[in-house]
Amino acid sequence: MTFISHGYEYRKDDFGIHQINPQPFTYDACYCSTYDTDSYKKGSDTLQALRLGFVVGSHGLVPKSIADIGYGNGAFLMRCKGFIPKLYGKDISGVTLHFVETVWHYPQCDVVTFWDCIEHIEDWSFLHDIPCDTICISLPYCHFISIEWFDKWKHRKPNEHVHHFDNITLPAMMARYGWLPVAISNHEDLVRTGEDTLPNILSMAFKRK
């Protein structure tokens, strides 16, 4: 089905909700700096520790290498420093981190993470060939109770968030590219609270079929 929300067109199918013809969105140093505000810093240490624990549990052991895609201000990679030997980072903002090997490709590594990132990427075909053993993802949990609910949802961010998922549609989407779920959690809700009693952030991990 297709529908309109605040003037933007969306398609809802078995693989999630997708904005139709999204316009380019600017990700730069100014965008990344929003994660340096007091409101984002509050609880950040706990959040990054939760994410790292999810990585280790999902991968099955402490990875020797990790690539964080869309690393923003680098808070997660800073938490990994001294614990995971090899750190890679990929971010279109151009912001660099002195303790990370910045890459523009997807390097061979144990784990690739997409924290609040993959819902921004329109074309996921790169997942077919991404050279890692485990992928970890966190993103807004879209319950889509109704179009009216979606209209008011705080994570509905046209042109920025171009895909929306729940615990059924995200694994369906990942399966299209050869990945099966191995873990699911809402642990980020300990820090990132929603506006109602429904889970706010969905975290899932995947391994190749």
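Conventions used here
- Residues numbered from 1 in each chain as written.
- Predicted model: local features only at pLDDT ≥ 70, side-chain atom pairs only at ≥ 80, totals over all residues.
- Heavy atoms only, no water.
- Salt bridge = Lys/Arg side-chain N within 4 Å of Asp/Glu carboxyl O.
- Buried < 20%, exposed > 50% of the residue type's maximum accessible area, 1.4 Å probe, protein only.
- Helix = DSSP H or I, 4+ residues; strand = E, 2+ residues; numbered from the N terminus.
- Pairing = 2+ DSSP bridges.
- Contact = heavy atoms within 4.5 Å.
- Polar contact = N/O pair within 3.5 Å; in protein donor to acceptor, adjacent residues only side chain to side chain.

Student: Mind laying out the pattern of salt bridges, listing which residues take part and the relevant values?
Tutor: One pass over the full model with this rule turns up six salt bridges. Across the pair D13 and R11 runs a salt bridge whose closest N-O atoms are separated by 3.1 Å. Since its relative accessible area comes to 25%, D13 is described here as partly exposed. For R11, a relative accessible area of 36% gives the class partly exposed.

Student: Help me get a handle on the pairing of strand β1 (residues 2-5), residues and values and all.
Tutor: Only one face of β1 is buried: it carries F3 and S5, and the other face, with T2 and I4, is open. The pairing of β1 with strand β2 (residues 8-13) spans four bridges and is classified as antiparallel. Opposite S5, over in β2, you have Y8 as the bridge partner. Two successive antiparallel strands, β1 and β2, enclose a turn made up of two residues, where H6 displays a positive phi of approximately 55 degrees.

Student: Help me get a handle on the environment of Y141, residues and values and all.
Tutor: Following the sequence through the fold, Y141 ends up in the loop between β8 (134-140) and α5 (147-152). Taking relative accessible area as the criterion, Y141 reaches 10% and is therefore assigned buried. In the structure, Y141 is positioned 62 residues away from S203 in sequence and 8.7 Å away in space, judged by C-alpha atoms. Ignoring any residue separated from it by four or fewer positions in sequence, one finds Y141 in contact with W149, W153, F165, D166, N167, N186, P199, N200, I201 and L202. Engagement of the side chain of Y141 in a polar contact is seen with the side chain of N167, the distance being 3.0 Å.

Coordinates in, geometry out; function isn't part of it.
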